[in-house]
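Topology and contacts: notes
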Amino acid sequence: MAEGVLSPGVNLEAFSQAIAAIQALRSSVTRVFDCLKDGMRNKETLEGREKGFVAAFQESLHSVSRDLGRGLPPAELERLSNLVGKPSENHPLHNSGLLSLDPVQDKTPLYSQLLQAYKWSNKLQYHAGLASGLLNQQSLKRSANQMGVSAKRRPKAQPTTLVLPPQYVDDVINRIDRMFPEMSIQLSRPNGTSAMLLVTLGKVLKVIVVMRSLFIDRTIVKGYNENVYTEDGKLDIWSKSNYQVFQKVTDHATTALLHYQLPQMPDVVVRSFMTWLRSYIKLFQAPCQRCGKFLQDGLPPTWRDFRTLEAFHDTCRQ
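Because the structure is predicted, anything quoted here is derived from the model rather than measured. (Residues numbered from 1 in each chain as written. Predicted model: local features only at pLDDT ≥ 70, side-chain atom pairs only at ≥ 80, totals over all residues. Heavy atoms only, no water.)

With phi around 60 degrees, D297 is a residue other than glycine that occupies positive phi space. The class of D297 is exposed, set by a relative accessible area of 74%. Non-glycine residue L309 carries a positive phi angle of around 65 degrees. A relative accessible area of 31% means that L309 is categorised as partly exposed. (Buried < 20%, exposed > 50% of the residue type's maximum accessible area, 1.4 Å probe, protein only.)

V199, L205, M211, F273, M274 and W276 are the most contacted members of the largest nonpolar core, which totals 41 residues. Of all the secondary-structure elements, those providing two or more residues to this core are α5 (166–179), β1 (183–188), β2 (196–201), β3 (205–212), β4 (215–223), α6 (244–259) and α7 (266–278). What V199 contacts, discounting residues up to four positions off in sequence, is M183, S184, I185, L205, K206, V207, V209, M274 and L277. Formed by eight residues, the second largest nonpolar core is a distinct cluster that contains L198, V210, L235 and I237. (Core = buried A, V, L, I, M, F, W, Y, C linked by side-chain atoms within 4.5 Å. Helix = DSSP H or I, 4+ residues; strand = E, 2+ residues; numbered from the N terminus. Contact = heavy atoms within 4.5 Å.)

Here we take up the environment of P165. Within the secondary structure, P165 sits in the loop between α4 (109–147) and α5. The spacing of P165 and S213 is 48 residues in sequence and 7.8 Å in space, taken between C-alpha atoms.

Let us look at the sheet that holds β2. The antiparallel open sheet is built from four strands, whose spatial order is β1-β2-β3-β4. Both edges of this open sheet fall to β1 and β4, since each of them pairs with a single strand only. Strand-to-strand twist in this sheet, taken as the mean axis angle between neighbours without regard to direction, amounts to 20 degrees. In the sheet, β3 pairs with β4 via eight bridges, with the strands oriented antiparallel. Residue pairing across strands places V209 opposite T219, the latter belonging to β4. Across the sheet, α6 lies against β3 and β4, angled at about 165 degrees from β4, the strand it touches most. Strands in contact with α7 are β1, β2, β3 and β4; relative to β2, the strand with the most contacts, it is inclined by about 30 degrees. (Pairing = 2+ DSSP bridges. Axes fitted to C-alpha atoms, helices over the stretch in contact; angles between N-to-C directions.)

The next subject is the packing of aromatic side chains. To describe a pair of aromatic rings, you give the distance between the ring centres and the angle between the ring planes. Applying the stated criterion to the full structure yields seven aromatic pairs. Aromatic pair Y260 and F306: ring centres 5.8 Å apart, planes at 75 degrees, arrangement edge-to-face. A residue pair is termed long-range when its members are at least 10 positions apart, and Y260 in the loop between α6 and α7 and F306 in the loop between β5 (303–304) and β6 (311–312) qualify at 46 residues. Note on Y260: relative accessible area 13%, which makes it buried. Here the aromatic rings of W276 and Y280 are separated by 5.2 Å at their centres, their planes lie at 80 degrees, and the arrangement is edge-to-face. Comparing W276 with Y280 shows no difference in burial state: the two are buried. A connected cluster of aromatic rings, assembled from ring pairs, spans Y260, F273, W276, Y280, W303 and F306. Above the ring of Y224, the side-chain terminus of K206 is found at 5.4 Å from the ring centroid. Over the ring of W303 we find R317, and its NZ or CZ is 4.1 Å from the ring centre. (Phe/Tyr/Trp six-rings, centres within 6.5 Å; stacked < 30°, edge-to-face > 60°. Lys NZ or Arg CZ within 6 Å of the ring centre and 35° of its normal.)

Attention now goes to the side chain of H252. Tracing the chain through its elements places H252 in helix α6. Dropping the residues within four chain positions of it, H252 is found in contact with W276, Y280, T302, W303 and D314.

The next point concerns the pairing of β3. Among the eight residues in β3, seven count as buried, and that is most of the element. Bridge count for β2 against β3 is six bridges, and the pairing is antiparallel. For M196, the partnering residue across the bridge sits in β3 and is V210. Joining the antiparallel neighbours β2 and β3 is a turn of three residues, in which G202 adopts a positive phi near 55 degrees. Here β3 folds back onto β4 in antiparallel fashion, the turn holding two residues, of which S213 has a positive phi close to 60 degrees.

Here you go:
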């Protein structure tokens, strides 16, 4: 056996002694703090309380000093530390791998959650790249056939935003307007070619829809009787509703814009969003499909399922 290396039996005994010394020291320190916490008690006179407190405090400090002297000598602790070895430095996710070494129980799951999120992100990037390749496959084949041999010298095409003619946008909006008799859509272009829609759904609510070509940028939902214009007569695209129920619907409409995404078919996206928006025609009449109540915390069911268009309270949809 090499010098300085302890046998397994000695290792276990040394570790046991170290743990026992640490436990005794922690107990002594705890008694010191308990003495400070209790203060001067159990004596009738002030002088008696002071003497009792000083005596108990000194005894506690002597216990800490006595238990500290029972610990292993520094040389022995150094030999033990050499047996432990250095931790592995090959951590995935760089420094976040150190979270797996945290002995605190309530923090230990953080590392596994980070790994799960990292794997999920990689899968999402893979599927996004695969979908993009499938969508562009036909256009790439067509371009290659048309260019022939000169396709190798063709400069790399830069990504461009799909810009549709205003007349085509108007036709799509007019068709959607005719689809839903209880919904009226007013289209205007106050700032050039970008369209702005004022959607009135029965006598329930009004929605301001800001569009870039045929892509919806943002929506503002307000009550039917609320003012939707600024002082100069333009649609107010910045002020939110004064009512919490329509603020909730605005948040859900923003979520719907992120759900209905199909860049190759923007007219389908607009039609799907308007179909989802039309489901709010019974905002104050439809009960929650989960709890069956009309009101929860003073609010009606403000969430509409993207697939079934069923009504749910914001907390019942989970």
